[in-house]
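Here is how the chains run, residue by residue.
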Amino acid sequence: MQIRDTLIRETRHAARALRRTPSFSAMTLVTLALGIGAATAIFTLLDAVVIRPLPYPNADRLVALSSPVPKLKGQTVWGLARHEMYYFLEQGHSLTKLGVYQMSDITVLGGGGAGTRPERVHWVQASASLLSVLGFRPERGRLLTADDNRGAAPTVVMLSHGYWARRFGSDPDVVGKTIDIEGFPMTIVGVLPPGADLPDLTIDVWAPAHVDSTTVYNNHTWSAIGLLKPGWTAKAAQRDLTPLTMRLPEVFPKVYGPTWNASTGFSTRVVSLRDDVVGNVLTRALWTLFGAVALVLLMAAANVANLFLVRLDARRRERALRTALGADRAHLAWHYLSESMLLAVAAGTAAVAVAWGLLRMLLAAAPSSLPRLSEVRLGAAGVGFAVCAALASGLAFGVLPLFGRGLSLTMLRDAGRGLTTSKRGMAARRVLVASQMALAVVLLAGATLMVRTFRNLRAVQPGFDATGVLTMDIALPEQRYGTSGTPYNQAVALTSGFYEQVATRLRAVPGVSRVGFTDRLPLASGDWCTGINIIGETPESTTGTCPPSTTVSPGYFETMGIPVTGRTLDWAGMDAHDGAVVVSKAFADHHWPTESPIGKHVSFRGTKPPYYTVVGEAADVRGMGVDAPPPEYIYFPVLPIPDSPLWGPATYMHLVLRTGAVDPLSLTSTVTRIVQEIEPQAAVANVATEETLLAKSMARQSFTMVLLLVSAGSAMLLSAVGIYGVITYIVTQRRGEIGVRIALGARGAQVTSLVLRQSLALAAVGLGVGVAGAWGATRALSALLFGVRPSDPLTLAAVPVALLVVAALASWAPAHRASRIDPAEALRSE
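Positions within a chain are numbered from 1, following the residues in the order the chain's sequence is written. Given that the model is predicted, a residue must reach a pLDDT of at least 70 before its local features are reported, and side-chain atom pairs must reach 80 or more before they are shown or counted; all residues, however, enter totals for whole chains, interfaces and linings. To obtain the side-chain values, all non-hydrogen atoms of the structure were used and water was disregarded.

Attention shifts here to the environment of D578. Helix and strand definitions here come from DSSP, where helices need a minimum of 4 consecutive H or I residues and strands a minimum of 2 consecutive E residues; each element is numbered from the N-terminal end. Inspection of the secondary structure puts D578 in the loop between α19 (571-575) and β18 (580-584). Measuring from C-alpha to C-alpha, the distance between D578 and Y612 comes to 8.0 Å, with 34 residues separating the pair along the chain. Only heavy atoms matter for contacts: two residues are in contact if any of them lie within 4.5 Å across the pair. Excluding residues that lie within four positions of it along the chain, D578 makes contacts with R567 and G573.

Written as structure tokens, this is what we have:
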């Protein structure tokens, strides 16, 4: 009882002591709250994206399967073929379940409360086994079944919970109703519960894929997710499946040649599903960012520790008085611990609010390509991190006084004038400031490297002119424009005619200078490996390759500002089936390094004559990112040669439109109206400017750069504050000595120089340690850097110089004050 009363009394005394020093309390509270809040925000992001398991049952046993083909040009990682799913399950030992899927966008024309308004939605065609792999259960109706997978075309679908609520108003009787997809009526058989999605993909409509054990094609275009048997790892599963992959030509000789594996490097890769979703580059980047804000938190803690040490020295006489009056070491320890814990609790509470605000800003600024963004929220893990950080800080600051020297009654007689009692505290403050400088070097070096990376990326010419270009997606209903009920030649002519009408109408709109279409928008669309044969002097195919192909309309190159040597496509020639194609410079340099590509012939996937003729060579476009080399593109016309089919009718294209002095986005409603006047069932979506897409392609680097810059700026500020505080304290403690020096003839400039030398010597120690730390730490950013090395000597030389200047500026004010000390007043105070 007596102990409890004593503890309560000391706690109240600590609260009153903090109220009597509002500046100390406020500075400590704000510094800790900002440091802990920033660290909590980044930890929450890291936890949701990297640390936390995926939201599926048996998430630790889920793996992603793919097929690397390193010896082919173009796309070097494929998916699985449908027959591999059955082959691996029957012949392998590591997988208990395996599912495949393909994701795309489709147009919903009718059904639900939205009537017949065309709407683009995300849909997936999947094997029924995929739903079992992911552990899904229906909220209403049923799941897809293996019987559904046997149909050549889907006739039934499931809805996601979100789409059911959005389109059908959460109609409880939705099961059994019909939805019009691309002009085809499909029956709704089930609704999935909230959160039932593919990894990092929001799906609106689920449809059965045509998958059965007798379907054997060499089309490795399917994403695959498997469930490992208990006790198996991803690496062990890859060892299990590798021999089976090598036997594919033997088991399926009709679709694989005997040299298939050797000529392509074809293999099967198995990785954990979480690693596949997040990726090693992003994982390292997020850990690096968390390390950066953790360093800022340490620097903030160092500043607070300095405040506590100064406060401790200032209260030496009070401690001696309390000791003389009978207070033992335990009472004093609880008093100081109470002070620090009260501040820590307040700081932790404020830090949660700071983290919530910072997290909202981070999510608003984060690139849309960042996986698992929908799972990021400040929850129990984030709050727990903030609480633990606050309590750890409070405990650390509370025990600082316990490491002080013994108290004596001489302190009462000397009124605290002695200097010996603060030597240990002074040494601690010097160590803390040197540590802050070292941490600041690491953070500023990382931020500088990212700034240089971003500058280098901005300096790269993407191969096109993004200024004043509007883009939007146009989707035509498959039932009318596809090949399901229409012969191929007629279907492609119908789609080509639609795009020609749209281009003609749009060119007449005031402010529009150029119009074109493409199925692969640079920096916004993936590239698809295409089988191309280069035709030699004779009609026989002589060389095989697999570059990305792009379907474009006349006007595309002019609209995008892509220079072309030779000529581009035109509507008259395309309508006359002249078979003109354009190749990129990289493609031409690879296949015809010593001669012009113009006049050469190519065939698509081994088709027979007439062949396509190269009529132009386009400048290289960095279609997969400004930090990636230009792909070897071949640009096919939107209207192919009759009976020489490409992938299919171009029912989904990106419109590109160049304007003059008009804001591109101001034409959105006009373009949409014209498109839907020509085809009322056409869906228009994803309106953006090409400049926005170019900026988004660098979003991950810019996001990392901004966060590191903020961390580095905070580090510089904290370092400057720390040095200023320590030098001010040194000047105060040496006031008498400095007064004597001045009385003996020392000039003000000499005193200033003395103080600055001490300050810069202190900073130099930290800078030396920091350069060594930065040399190793910046390697974590190597995957994000472009045009600069992690150990860039210019950066490692410039950063310490900049921080040395900051240290000198922070030291100037106390050094200048030292030079103006009145010797008589200083000696009287001694």
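Before going further, it helps to examine helix α3 (residues 82-91). Type-normalised accessible area, obtained with a 1.4 Å probe on protein chains alone, sets the label of each residue: buried when under 20%, exposed when over 50%, and partly exposed for intermediate values. Those residues of α3 that fall on the buried side of the exposure criterion are R82, H83, E84, M85, Y87 and F88. For α3, the secondary structure elements touched by its buried residues are β1 (62-68), β3 (95-110), α4 (128-133), α6 (234-246) and α7 (248-251).

Bringing the pattern of salt bridges into the picture now. Opposite charge on two side chains lets them pair, provided their charged atoms get close. Salt bridge, as used here: a side-chain nitrogen of Lys or Arg that lies within 4 Å of a carboxyl oxygen of Asp or Glu. Summed over the entire model, instances satisfying the criterion amount to 19 salt bridges. Among the ionic pairs, R167 bridges to E119, the shortest N-O distance being 2.5 Å. One end of the pair, R167, is in helix α5 (residues 161-168); the other, E119, is in strand β4 (residues 119-126), and 48 residues separate them in sequence. By relative accessible area, R167 is classed as buried at 3%. The residue R505 makes a salt bridge to E677 at a minimum N-O spacing of 2.6 Å. Of this pair, R505 sits in helix α17 (residues 488-507) while E677 sits in helix α21 (residues 668-678), placing them 172 residues apart in sequence. Look at R505 and you get partly exposed, because its relative accessible area is 35%. Among the residues examined, E677 registers a relative accessible area of 44% and is labelled partly exposed. Sharing partners across several salt bridges, the network here consists of E119, R166, R167 and D204.

Further remarks concern the side chain of T264. Within the element layout of this structure, T264 appears in helix α8 (residues 260-264). Residues adjacent in sequence count toward polar contacts only when both atoms are side-chain atoms; beyond that, a polar contact is any pair of N or O atoms within 3.5 Å, and within protein one must be able to donate a hydrogen and the other to accept it. In terms of polar contacts, T264 uses its side chain to reach the backbone carbonyl oxygen of W260, at 2.7 Å. Each residue touching T264, except ones within four places of it in the same chain, is listed here: V69, P70, K71 and L72.

So, about a nonpolar patch on the surface. A cluster of nonpolar side chains, namely V345, V383, V387 and L391, defines an oily patch on the protein surface of about 290 Å² accessible area. Top element by residues in the nonpolar patch is helix α13 (residues 380-399). It accounts for 3 residues. Note that V345 resides in helix α12 (residues 329-365). Patches in this entry comprise residues that are over 30% relatively accessible and not in a salt bridge; like charges within 9 Å are linked, as are nonpolar side chains (Val, Leu, Ile, Met, Phe, Trp, Tyr) within 5 Å. Residue-level accessible areas treat just the shown protein chains as cover; the underlying method is Shrake-Rupley with a 1.4 Å probe.

Take the pairing of strand β10 (residues 223-228) next. Counted residue by residue, β10 has 5 buried out of 6 residues, so it is predominantly covered. Note on pairing: two strands pair once DSSP finds at least 2 bridges between them. The sheet contact formed by β1 and β10 spans 4 bridges and is antiparallel. If you follow L65 over to β10, its bridge partner there is A224. One ladder, built from 6 bridges, connects β3 with β10; its direction is antiparallel. Residue pairing across strands places L98 opposite G226, the latter belonging to β10.

So, on to the packing of aromatic side chains. Aromatic pairing here means that ring centres of Phe, Tyr or Trp (its six-membered ring) are within 6.5 Å. Orientation follows from the plane angle: under 30 degrees is stacked, over 60 is edge-to-face, and everything else is tilted. This model, assessed by the stated rule, comprises 20 aromatic pairs. Judged by centre distance (6.0 Å) and plane angle (50 degrees), the rings of F43 and F290 are tilted. Of the two residues, F43 is situated in helix α2 (residues 22-51) and F290 in helix α10 (residues 280-314); the sequence distance between them amounts to 247 residues. Both residues of the pair, F43 and F290, belong to the buried class. Judged by centre distance (5.8 Å) and plane angle (35 degrees), the rings of Y87 and F88 are tilted.

The end-to-end C-alpha distance of α13 is 28 Å, a good match for the 28 Å that 20 residues give at a rise of 1.5 Å each. Buried residues of α13: G382, A386, A389, A390, S393, G394, F397 and G398, and no others. For α13, the arc enclosing every buried residue in end-on projection is 160 degrees, short of the 170-degree limit, so these residues lie on one face. Residues of α13 that are exposed and point over 90 degrees away from its buried face: A380 and C388. For a helix, the expected span equals 1.5 Å multiplied by the residue count minus one. Think of the arc as the fan of directions from the helix axis to the C-beta atoms.

Attention now goes to the packing of α17 against α21. Each pair of packed helices can be summarised by the angle the axes make with each other and by the distance between the axes. All axes are obtained by fitting lines to C-alpha atoms, using only the stretch in contact for helices, and the reported angles, taken between N-to-C directions, cover 0 to 180 degrees. At a minimum axis separation of 10 Å, α17 and α21 run at an interaxial angle of 140 degrees. Here α21 runs oblique to α17, going by the angle between their axes. Relative to α21, the crossing made by α17 is right-handed. Between α17 and α21, the residues in contact are F498, Q501, V502, R505 and L506 and V671, I674, V675, E677 and I678, respectively. Tallied by class, the residues present in the contact of α17 with α21 amount to 7 nonpolar, 1 polar and 2 charged. Note on terminology: angles under 35 degrees are roughly parallel, angles over 145 are roughly antiparallel, angles of 65 to 115 are roughly perpendicular, and the others are oblique. Left-handed is the label given to a crossing in which the near helix is rotated counterclockwise from the far helix by less than a right angle, and right-handed is the label when the rotation is clockwise. Charged residues are taken to be Asp, Glu, Lys and Arg, nonpolar residues to be Ala, Val, Leu, Ile, Met, Phe, Trp, Tyr, Cys and Pro, and polar residues to be all remaining types, Gly included.

Positive phi, close to 55 degrees, is recorded for E182, a residue that is not glycine. Relative to the elements of secondary structure, E182 occurs in the loop between β7 (178-181) and β8 (184-191). Given a relative accessible area of 9%, E182 falls into the buried group.

Let us look at the packing of α3 against α6. Look at α3 against α6: their axes get within 10 Å of each other, and the N-to-C directions meet at 120 degrees. Relative to α6, α3 is oriented oblique. Viewed along their axes, α3 and α6 form a crossing whose handedness is right-handed. For the pair α3 and α6, the contacting residues are Y87, F88 and Q91 in the first and L241, L244 and T245 in the second.

So, on to the environment of A346. Among the secondary structure elements, A346 is positioned in helix α12. Using a relative accessible area of 34% as the deciding quantity, one classes A346 as partly exposed. Here the alpha-carbon distance between A346 and L29, two residues 317 residues apart in the chain, equals 7.0 Å.

Another aspect to go through is the pairing of β7. Side-chain positions along a regular strand alternate between the two faces of the sheet. Alternating positions in β7 separate cleanly, I179 and I181 being buried on one face and T178 and D180 remaining unburied on the opposite face. As paired elements, β3 and β7 share 2 bridges and run antiparallel to each other. Bridging from a neighbouring strand, V108 pairs with I181 of β7. Counting the residues that bridge the hairpin from β7 to β8 gives 2 residues, and of these E182 lies at a positive phi of roughly 55 degrees.

Everything listed here is a matter of geometry and, on its own, says nothing about what the molecule does.
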